[in-house]
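Observations on the model geometry
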Amino acid sequence: MGGSYVIKEDLYLCPLCLQAFFYIKDNEIFENREFTEDHFPPESVGGTKTILVCKECNSSFGGNLDYAIKEYLELMRFVRKSENASYPVKLSFNGIPGKYNQDVYWQKGVLIKEVNFKKYPLIQKWILDYENVMNGFSLKISGPSGKIIQKALLRAAYLYSFHNWGYDFCYSHTASHIRKVINGEEAHPLSNFGVFSDVTTPNFSNGFYFNDSSAEHKTFFIFFDIKIENPKCEQKIFVLIPGGDLASWDQLTNFQSWVEKREADISLTPIFGDCVMRNNYMGYSLTWQKLAWGELPYQE
């Protein structure tokens, strides 16, 4: 703590910045920043797990990253032509200058647009001219940046890892790199941030797995779902989290072929029992060592 004072109590540190903390002594809470509950993945896309993070980190990431996951699912729902799926677009009409913001939606396979004629009287006049309608109009769809979506999902996987492995994970070489990637301080070794949503894989349940399909592809996988309702759109996500040693992070580049081919060669072992319990203080390090050397993980 900068050498200014010593705290003898057990601390809870914000897992995202490792600077904010609180502790309890004599039934009083002492803190250097306010803490709030954070959902991972975000509650807006079906996230039910929660963790305490400092209010500053929660507000910053919520505004800059988490919104993108919901927008991504809304766009996927619209592109798949789900019944009544709507999405904001920019409309342009031949002969009318400018572009107009408008929600459009699918109904029985037909794209429906309901223009506010009071707000846009020129469009009403344009539509009443049959020749204009035959000449058509154009619409532009723009969604959130793919990099922002992937960074937000990587953040969710980071919080999953902390939830299961505690500070043994947070103080690892890998976690340090992930925080820098999330904060925009360095690039991820993979062009997709180690986040996969559209590759060909068997259907795995949510949870933690170890991949040992080959020596150069040893890594942890975290599987989880993101979803929105009315109409429903759901997607399975899996994120690569390497071991905590120096070499494992750099070896993520071996997975770039998966990114480019959109298919994964995987042989997964589910991780059960003590190796992901929070009372095992070295769960991340010890689990990686055991599995990397071919030893079976703990079993329930």
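The structure reproduced in this document is the subject of the present report. Everything quoted here is computed from the prediction, not taken from an experiment.

**Some thoughts on the sheet that holds strand β10 (residues 195–196)**
If you walk across this open sheet you meet the 5 strands as β10-β13-β12-β11-β14, and the pairing is antiparallel. Here the strands that pair on one side only, and so sit at the sheet edges, are β10 and β14 (268–270). When strand β12 (residues 219–228) meets strand β13 (residues 233–241), the two strands line up antiparallel, connected through 9 bridges. Bridging across to β13, phenylalanine 223 finds its partner in phenylalanine 238.

**Quick look at the sheet that holds strand β2 (residues 21–25)**
Spatial strand order, β1-β2-β3: 3 strands in an open sheet with antiparallel pairing. The open sheet has two edge strands with one neighbour each: β1 (12–13) and β3 (28–31). Note: β1 against β2, 2 bridges, orientation antiparallel. If you follow leucine 13 over to β2, its bridge partner there is phenylalanine 21.

**With respect to the packing of aromatic side chains**
Under the defined criterion, the tally for this structure stands at 30 aromatic pairs. Measuring from centroid to centroid gives 5.4 Å for phenylalanine 204 and phenylalanine 223, while their planes differ by 45 degrees, and the two rings are tilted. With phenylalanine 204 in the loop between β10 and β11 (207–211) and phenylalanine 223 in strand β12, the pair connects residues that are 19 residues apart, well separated along the chain. This pair shows no difference in class: phenylalanine 204 is buried, exactly as phenylalanine 223 is. Aromatic ring contacts, followed pair by pair, group Tyr158, Trp165, Phe169, Phe208, Phe210, Phe220, Tyr284 and Trp288 into a single cluster.

**What about the packing of helix α4 (residues 146–165) against helix α6 (residues 173–182)?**
In the contact formed by α4 and α6, the axes pass within 10 Å of each other and the chain directions differ by 145 degrees. As α4 packs across α6, the resulting crossing turns out to be left-handed. Counted together, Lys151, Leu154, Arg155 and Tyr158 of α4 and Ala175, Ile178, Arg179, Val181 and Ile182 of α6 form the full contact between these two elements. Of the residues assigned to the contact of α4 with α6, the class counts are 6 nonpolar, no polar and 3 charged.

What counts as what
Residues numbered from 1 in each chain as written. Predicted model: local features only at pLDDT ≥ 70, side-chain atom pairs only at ≥ 80, totals over all residues. Heavy atoms only, no water. Pairing = 2+ DSSP bridges. Helix = DSSP H or I, 4+ residues; strand = E, 2+ residues; numbered from the N terminus. Phe/Tyr/Trp six-rings, centres within 6.5 Å; stacked < 30°, edge-to-face > 60°. Buried < 20%, exposed > 50% of the residue type's maximum accessible area, 1.4 Å probe, protein only. Axes fitted to C-alpha atoms, helices over the stretch in contact; angles between N-to-C directions. Left-handed = near helix turned anticlockwise from the far one by under 90°. Contact = heavy atoms within 4.5 Å. Nonpolar A, V, L, I, M, F, W, Y, C, P; charged D, E, K, R; others polar.

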